[in-house]
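Chains, contacts and geometry: an overview
Listed here are the chains, written in short residue letters.
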Amino acid sequence: MAVKPPGSMPWRKSRFQRKGYPPEIFQDAKFREKKYLCSHCHQVLDQPRSGPCGHRYCRLCLEDRIDRMRPTAECYWKDCQAVLKPAELVDEKDLAIELEKQTVKCDSGPCEWSGSLRDYVKHEEECQYGYSCCPFGCDVKTPRPRISRHYKQHALLHQDLQTPEQQTGVIDQLKTEVEKVQHDVDAMQNLKKTATRDEVAAVRKEATRVSKSVLEAKHGAAAAMERSNKALAQVEALKRDIPSTDITTVLAKLTEISSSVAALTASQQAITAQQDKTQQQLGVLSQRLEKGEQDTTAACERIVEMQNQTNTTIRQLQEQSATSTTSIGQLLEQSATSTTNIGQLLEHQQDTSDKLSRVSAAVTTIQQAQSGMRSDLEGKIGEVKSAVTAVPATVEGIVRKVAKQNHYMSIHNNHTSFGSKGNGRVQFEYPRGITISKDGKVFIADRDNHWVKVTTLDGTYIRDIGKQGSGNTEFNTPTDVAVDDDGDLVVVDRDNKRLQVLHQDGSYVKTIGHGTVGRSYGVAALSLPQHGICYAVTENSDYCVKVFEKGGRQLNKFGTKGSGPGQFKSPRGIISSNGRLLVVDYRNHRIQVFTTDGNFITMFGSEGESDGQFKSPQHITEDRHGHVLVTDSNNERVQVFTSDTFSHVATFGSRSCLSGSRGIAVSPSGTVYVSNWNKHCITMF
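Read on for a plain summary of the structure.

How each quantity is defined
Residues numbered from 1 in each chain as written. Predicted model: local features only at pLDDT ≥ 70, side-chain atom pairs only at ≥ 80, totals over all residues. Heavy atoms only, no water. Helix = DSSP H or I, 4+ residues; strand = E, 2+ residues; numbered from the N terminus. Buried < 20%, exposed > 50% of the residue type's maximum accessible area, 1.4 Å probe, protein only. Contact = heavy atoms within 4.5 Å. Areas by Shrake-Rupley, 256 points an atom, 1.4 Å probe, with all protein chains shown as cover. Salt bridge = Lys/Arg side-chain N within 4 Å of Asp/Glu carboxyl O. Core = buried A, V, L, I, M, F, W, Y, C linked by side-chain atoms within 4.5 Å. Pairing = 2+ DSSP bridges. Axes fitted to C-alpha atoms, helices over the stretch in contact; angles between N-to-C directions. Disulfide = S-S within 2.5 Å. Polar contact = N/O pair within 3.5 Å; in protein donor to acceptor, adjacent residues only side chain to side chain. Arc of directions from axis to C-beta.

This part covers the overall build of the protein. Tallying secondary structure elements over the protein gives eight helices and 37 strands in all. When burial is assessed residue by residue, the protein has 39% of its 685 residues classed as buried. Put simply, of all contacts in the protein between residues at least 6 apart along the chain, 45% involve residues at least 24 apart. About 37700 Å² of surface is accessible on the protein, with carbon and sulfur atoms providing 51% of the total.

Let us look at the pattern of salt bridges. Across all of its chains, the model carries 24 salt bridges by this definition. Across the pair Lys 441 and Asp 439 runs a salt bridge, and its minimum N-O distance is 2.8 Å. Between Arg 498 and Asp 493 there is a salt bridge; the shortest N-O distance is 2.8 Å. The class for Arg 498 is buried, based on a relative accessible area of 5%.

A separate point is the nonpolar core. Core analysis: the biggest nonpolar cluster contains 28 residues, and Tyr 21, Ile 25, Phe 26, Cys 38, Leu 99 and Leu 117 have the highest contact counts within it. Mapped onto this core, the elements with two or more residues apiece are α1 (59-65), α2 (93-100) and α3 (117-126). At three residues, α3 tops the list of elements feeding residues into this core. Beyond its immediate stretch of four places on either side in the chain, Leu 117 contacts Tyr 21, Ile 25, Phe 26, Leu 99, Glu 100, Gln 102 and Val 104.

Moving on: the sheet that holds strand β19 (residues 498-502). On the basis of which strands lie adjacent, the open sheet formed by four strands has the order β17-β18-β19-β20 and antiparallel pairing. Two strands in the sheet have a free side with no partner beyond their single neighbour: β17 (478-483) and β20 (508-512). Sheet twist, expressed as the average angle between the axes of neighbouring strands with direction ignored, equals 20°. Strand direction decides the pairing type here: β19 and β20, joined by four bridges, are antiparallel. Among the inter-strand pairings, Leu 502 is bridged to a residue of β20, identified as Tyr 508.

Below, the discussion takes up the state of the cysteines. Applying the stated criterion across every chain, the model contains zero disulfides. Cysteine Cys 53 is unpaired, with the sulfur of Cys 80 as its nearest cysteine sulfur at 3.7 Å.

Here the focus is the sheet that holds strand β36 (residues 672-676). Within a beta sheet, neighbouring strands are joined by backbone hydrogen bonds and run either parallel or antiparallel to one another. The sheet built from four strands is open, its strands ordered β10-β37-β36-β35 with antiparallel pairing. A single partner strand is all that each edge strand has here, and the edge strands are β10 (416-418) and β35 (661-666). Looking at each pair of strands side by side, their axes are set apart by 25° on average, direction ignored. Of the strand pairs in this sheet, β36 and strand β37 (residues 681-684) are connected by four bridges, and their pairing is antiparallel.

The subject of this paragraph is the side chain of Asp 488. On the secondary structure map, Asp 488 appears in the loop between β17 and β18 (489-493). Polar side-chain contacts of Asp 488 include one of 2.9 Å to the side chain of Lys 550. Excluding residues that lie within four positions of it along the chain, Asp 488 makes contacts with Ala 482, Val 483, Val 501, Leu 502, His 503 and Lys 550.

Moving on, we get to the pairing of strand β13 (residues 431-436). For β13, a buried count of six out of six residues is recorded, marking the element as mostly surrounded by other parts of the structure. Bridge count between β13 and strand β14 (residues 442-446): four bridges; the pairing is antiparallel. Residue Ile 436 lies in a different strand from β14, and its bridge partner there is Val 442. Here β13 folds back onto β14 in antiparallel fashion, the turn holding five residues, of which Gly 440 has a positive phi close to 85°.

A few words now on α3. For an α-helix, the turn length of 3.6 residues means that residues three or four places apart are oriented alike. Along α3, the positions that sit buried rather than exposed are Leu 117, Tyr 120, Val 121, His 123 and Glu 124. Residues of α3 that are buried make contact with α2, β6 (103-105) and β7 (114-116).

This part is about the environment of Ser 667. Note that Ser 667 resides in the loop between β35 and β36. Once residues lying within four places of it in the same chain are set aside, the contact partners of Ser 667 are Ile 436, Leu 457 and Tyr 673.

In this section: unusual backbone geometry. We note that Lys 497 has phi near 55°; this positive angle belongs to a residue other than glycine. Looking at where Lys 497 falls in the secondary structure, it is placed in the loop between β18 and β19. Accessibility expressed as a relative area gives 34% for Lys 497, which makes it partly exposed. Phi at Ser 616 takes a positive value of approximately 55°, unusual for a residue other than glycine. Structurally, Ser 616 is set in the loop between β30 (600-604) and β31 (617-622).

Before going further, it helps to spend a moment on α2. Along α2, the residues classified as buried are Leu 95, Leu 99 and Glu 100. With its buried residues spanning 135° around the axis, α2 presents them on a single face. The elements touched by buried residues of α2 are β2 (56-57), β7 and α3.

Let's shift gears to the environment of Thr 511. For Thr 511, the location among the structural elements is in strand β20. The class for Thr 511 is partly exposed, based on a relative accessible area of 24%. A C-alpha to C-alpha distance of 6.2 Å links Thr 511 and Val 501, two positions 10 residues apart in sequence. A polar contact of 2.8 Å, which involves the side chain of Thr 511, links it to the side chain of Tyr 508.

Treat this as a map of the structure, not an account of what it does.
Shown next as structure tokens:
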């Protein structure tokens, strides 16, 4: 019998090479549940990873199944046909941290050690009651105190290795083993480098897109600011301030605008007073002009009188010319003086007329300026009045938004649940999709019980529809349910690869897509012109959305695998909203929006924990106010968005009340229902 040299047999695996932990070492019995167990080795998970189907494996178990010779593998889970690929595997970091903190005990005989799982690995290597695997390949676990004696026994048993020929054979065999290991290491490093380059390229592409969007938003904001006037800036400031203030601040802003209007009105009154003063000055000038004309007329009359007197005197002098020559000379001098006075009076009259013309021109200029100022002032007052008129509507809209946000924030800690794990009347086995009819019935796709459970709004049991199988009204892993305009149910029968249409009492109507629908997770009922009632289903296995008439004919198919616009990585929930289809893109951590014809419109969300970001979103719905609600599964919360701009409104829920949230629906009264995957119940907010 050939002897296997040390190193050719598996050693006791360290923490980073282990295939799971024994469930019995955990003090908490819940870690024996299947969600904590590896789907391959059935031990408690070590470095857990999950596939696109949600089933979990130890890291080493996956590496045993997927290597350079086998780049893909099928899921081990019963009845699951998902394909496992390295690029689609997800590290369950939160679960790994939770496991490392758990208290465990040593499973080595009489050893009484206990501590955290993190410390268990170190203790396992030092425990004096523990066992070590034989490095010579005999597959015998030997207590550590006796390992030296066991080695000596191997030395005696394998003395035939002491000849040079046998030593050379062993050395050649060791070299072959080393070359194989080195070849595998090189192949794994090349695979990691390729994956890293692809991830870096995707991150750079996303960063370029985000930078472009930010730059466009900045340019739009700058252009809007340049077009703003003083009155509109006041109103916009009010709009920006209101979401973070209360109604008292809104009233203060309105008072401030009213004060501005009063100030503008006072300015108009001051201009009117100035106009009246100018009119008074014009009256005074007119009076002075009239007085000047009167003075000129009086002077002319005096001149005429003097001329008459002069003529009379001349006649008298002519009669007395012979008597007094001296008197005639005096009279001539007086006549010359009178003529000079007449010229001066005429010049004064002309100067007065020029001044009157200049005054009239000045008055005309003032009147034109006043008219222009009045027009500008009336325009400004009109703008302010329009802005003030628009403020109540704006305030009302913002108040409604704040009220809606306060509503969702108020229900954060106000929640109840119904249901438990099992197959009883109000029990579930991994509930997924959920919908509510107009008459207040709740329909839940109970996945592993293979039926649709029907309850009232308060969780009272009504009936179960279906059972496991492939016939009519039988299901194999139902994942979602919706109600169409006829009141009929459409159920995603995932592993039977079909849709089933049923009446609400459970009676069979028809089967759609048998043979053309792959493994699917979500369905939405909608009405299309010329086609009537239709069903849109998200097909995970083909990374697309398919649309069928209720009669069964396929109308459309859109979407491919990828991360670009219109591409998917595991599409999940879907709804019809305002002539659009909103699709949850699970592994791209976003929501995509399409027309009913399948044309891409927009998308929102990215991977992260902030508001507006997602970690593995699952399902989507719409409330009576038009808000969009999304179950953010790995963030253990629900996020609310507007349906026009998809702006974030509110966030509610937490890890204490949601664990693996899946389906979501809103009742006519506004109560939110969420299917709690890991807790096997329905939580109401």
